[in-house]
Every structure is written in C-alpha cells, then in structure tokens.
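# Coordinates in review
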Amino acid sequence: MTRRAAREEYLRTYRELEKQWPIPSTTLDIATSFGPTRLREAGAGEGVPIVLMHSLGANSLAWNHVIEDFARDHVVYMPEMIGVPGLSEQTAPIDEAGFGTWFGELLDGLGVNRVHLVGYSQGGWQAMVIATTQQRRLASLTVIEPGGTLTKVKWSLLWTMIRIGAHPTDKNLRKMNARLNPGVTLTDAEFDGVKASLGYVPAIGYPKMFTDERLAMITTPTAALFGSQSLVVDNQLAQQRLRDNVPTCEVEIFPGAGHGIFHEIPKLVTARILDFTRRYEPTDARHGE
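An account of the accompanying structure is given in this report.

What the rule picks out here adds up to 13 salt bridges. The partner of E9 in a salt bridge is R12, with the nearest N and O atoms 2.8 Å apart. Placement of the pair is E9 and R12 together in helix 1 (residues 3-18), with a separation of three residues, close to one helical turn. With relative accessibility at 25%, the residue E9 sits in the partly exposed group. Two residues, R214 and E96, come together in a salt bridge whose shortest N-O distance is 3.2 Å. Here R214, found in helix 8 (residues 212-215), pairs with E96, found in helix 3 (residues 96-110); they are 118 residues apart in sequence, far enough to count as distant. The pair R214 / E96 is uniform in exposure class, with both members buried.

Encoded structure:
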C-alpha cells in the first residue's frame, strides 16, 4: 500500500470511529514548534482540566468509552501526539527531549495554566517524560500500564509483536489483541483503525527505561495503575521502583486485569483516576487562569 493510500484508509477509519463518539466535542489545531497538533475538547466544569494521552496506534477518539465520566465535571483535552498516526501534522523532528516543549506549547495555545495529565500505555511514557520537565504545569499525573519505562518488556513478547507486525493478517492481529488485552473485544471500526495505523512508522521512537534518578525528577503527585495479569509490565517491580523514587506516588494493581485495563474495567479505572485528581485540585489552576 502506498503512503497516500495508507493515509486515505486511515482517514476512512477515523471517520467511522468518529460516528461512535458519544458526547458533543470540538476539534482544534494548536500550533507548536513541531507542527499543528489536532486536539479534541469535550466536557465542562470548574475543575482543573484533564489531558488524556492516548496509546500506540490510537488517536483522540480512543477515549469514546470513558469520555462521559471524565467530562462530567471537567473540560477534557485529548491531543493526537505528533509523530504518530492521527490528524496532527509533524513539520519538525521530535523525540523525548521535545515532549515537554510540545506539551507546554499546547497548554499555552489553549490558555490553560495547569492540568491533570493522564497517559495510557505509550501515552504513559510520554506523560512521564513530560512530568520530568513541566512540573509547574501539572496538578497531578496518572499513568496506566506505561510499558517499557519502569520494567523491561520481555523479549518473547517483543518478538511476537515484531513477527505479527511483519504479517498483520486479521487472524494474527486478533490473536495478539487477545493475548495482550484478554477480555477486550474490538468493534469492527476499532479493528479497522488498528490495521490502518500499521501503515505508519512512529517518528518519536519507542518508550525508554527511566533510571532511578530520572524517576526522582517526577515531583508531581502521581498515581500508577496496573493490571495484575499484564504481559507488558512487571507490576511488582514497577511498584517498588515508583515507591522508592517518586516522592508522592500511589500504586494500585487491579486483580485479574491485563494490559488492556482501561477497556476491561473502564468504570473502575476512570473512577480511581477521578478520585485521585479530586484530591489535587489547586484553586489557582482553573481553566483559563
């Protein structure tokens, strides 16, 4: 498939996924040093805004199953990361060193002082990197299953992902999803979106391990959520590293859940996040101040 054909297929699947979006939202394109970033905004309320960072191969529409709860009392911003599939347009190289700059420029473009930052899977990696340089912009940080940052991903799993990526048949992709995210069934539109995203090579690299010293740079109140059956993260080792190095950190491991925790038990995970953010609602960080 040519690059143009891959793009057209991705846009087709994007439009289909958009039909599943459950509440009113608007889209914005915010100028940054790395190119315009597409961002979806939903919700209302006086609480500190929430920013949701999506997982690998996803986009702002990936939050359709939890957005109603997040947006009930907050404005919620859902950016589409530069350098990965989505409707953001990369015009300059970006890597870990640029994540904080990109994020700060997003908030400046929105006129927002501070936010609660939530990152899932690969978005958890990006959120952790942002938290090492943008502490003053964060009221809280929540990371869910941030693979490759706290513990190494097993070679057996990496090899399986590489092998299936080289032969991405429907059967192989569904088999991989079942292994990584037991109990999670993708809709036809979601499955088509996953396939379409495979036509893109991420221009931001992949998650990198945090040293203890780098973890200690995360001074924002942090919550980390894991599935006890995750194949991506060694949750016990991750818990120990966070508690040893992050000054203010809560860890919860959900029994029986895998890496797809946000889809397996979305109500439980979302409620846990909102309870945590509620405890870190500084009065000087309201939307627009």
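Text resumes after the structure shown.
To continue, consider the nonpolar core. Core analysis: the largest hydrophobic core is formed by 44 residues, its most contacted members being W102, F103, L117 and L242. Not counting residues up to four positions away in its chain, the partners in contact with F103 are V51, V115, L117, I130, Q134 and L138. F70, V118, I144 and A257 belong to the second largest nonpolar core, which has 28 residues in total.

Let us look at the pairing of strand 2 (residues 37-43). With five of seven residues buried, strand 2 lies mostly within the body of the structure. Here six bridges tie strand 1 (residues 25-30) to strand 2, and the two strands are oriented antiparallel to one another. Within the sheet, the bridge partner assigned to I30 lies in strand 2 and is T37. Between strand 1 and strand 2, which pair antiparallel one after the other, the connecting turn spans six residues, and G35 there sits at a positive phi close to 125°. Looking at chain direction, strand 2 and strand 4 (residues 75-79) are connected through five bridges and run antiparallel. Across the sheet, residue R40 finds its bridge partner in strand 4, namely M78.

This brings us to the side chain of T220. Relative to the assigned elements, T220 resides in the loop between helix 8 and strand 7 (222-227). Leave out the neighbours within four places in its chain, and T220 touches Q135, L138, A139, S140, L141 and T248.

The final tally for this structure, using the stated rule, is six aromatic pairs. Here F70 and F262 contribute two aromatic rings whose centre-to-centre distance is 6.4 Å and whose plane-to-plane angle is 65°, an arrangement assigned as edge-to-face. Taken together, the residues F70 in helix 2 (residues 67-70) and F262 in helix 10 (residues 261-264) connect sequence positions 192 residues apart. Under the relative-accessibility criterion, F70 is labelled buried at 0%. Of the residues examined, F262 reaches a relative accessible area of 0% and is grouped as buried. Look at F276 and Y280: their rings are 5.1 Å apart centre to centre, the planes differ by 50°, and that puts the pair in the tilted class. Under the relative-accessibility criterion, F276 is labelled buried at 1%.

Take the sheet that holds strand 8 (residues 249-254) next. Ordered by their spatial adjacency, eight strands build an open sheet running 1-2-4-3-5-6-7-8, and the pairing between neighbours is mixed. A strand with exactly one partner marks an edge of an open sheet, and here the two such strands are strand 1 and strand 8. On average, each strand axis in the sheet is tilted by 20° relative to the strand beside it, whichever way the strands run. Here strand 3 (residues 50-53) pairs with strand 5 (residues 115-120) via four bridges, running parallel. Note on strand 5: the bridge partner recorded for I50 is H116.

This next bit is on helix 9 (residues 235-245). By the burial criterion, the buried members of helix 9 are N235, A238, Q239, R241, L242 and N245. Within helix 9, the buried residues cover an arc of 165° as seen down the axis, which keeps them to one side. Where the residues of helix 9 are buried, they touch helix 8, strand 7 and strand 8.

A few words now on unusual backbone geometry. Phi angles above zero are rare outside glycine, and S121 is one such case at about 60°. In this structure, S121 sits in the loop between strand 5 and helix 4 (122-131). We classify S121 as buried; its relative accessible area is 12%. Positive phi values are uncommon outside glycine, yet E145 reaches one of about 50°.

In this section: the side chain of S88. Assignment of secondary structure puts S88 in the loop between strand 4 and helix 3. A distance of 2.9 Å separates a polar side-chain atom of S88 from the backbone nitrogen of R38. Contact partners of S88, with chain neighbours within four places excluded, come to P36, T37, R38, E80, M81 and I82.

Cut-offs used in this document
- Residues numbered from 1 in each chain as written.
- Predicted model: local features only at pLDDT ≥ 70, side-chain atom pairs only at ≥ 80, totals over all residues.
- Heavy atoms only, no water.
- Salt bridge = Lys/Arg side-chain N within 4 Å of Asp/Glu carboxyl O.
- Helix = DSSP H or I, 4+ residues; strand = E, 2+ residues; numbered from the N terminus.
- Buried < 20%, exposed > 50% of the residue type's maximum accessible area, 1.4 Å probe, protein only.
- Core = buried A, V, L, I, M, F, W, Y, C linked by side-chain atoms within 4.5 Å.
- Contact = heavy atoms within 4.5 Å.
- Pairing = 2+ DSSP bridges.
- Phe/Tyr/Trp six-rings, centres within 6.5 Å; stacked < 30°, edge-to-face > 60°.
- Axes fitted to C-alpha atoms, helices over the stretch in contact; angles between N-to-C directions.
- Arc of directions from axis to C-beta.
- Polar contact = N/O pair within 3.5 Å; in protein donor to acceptor, adjacent residues only side chain to side chain.

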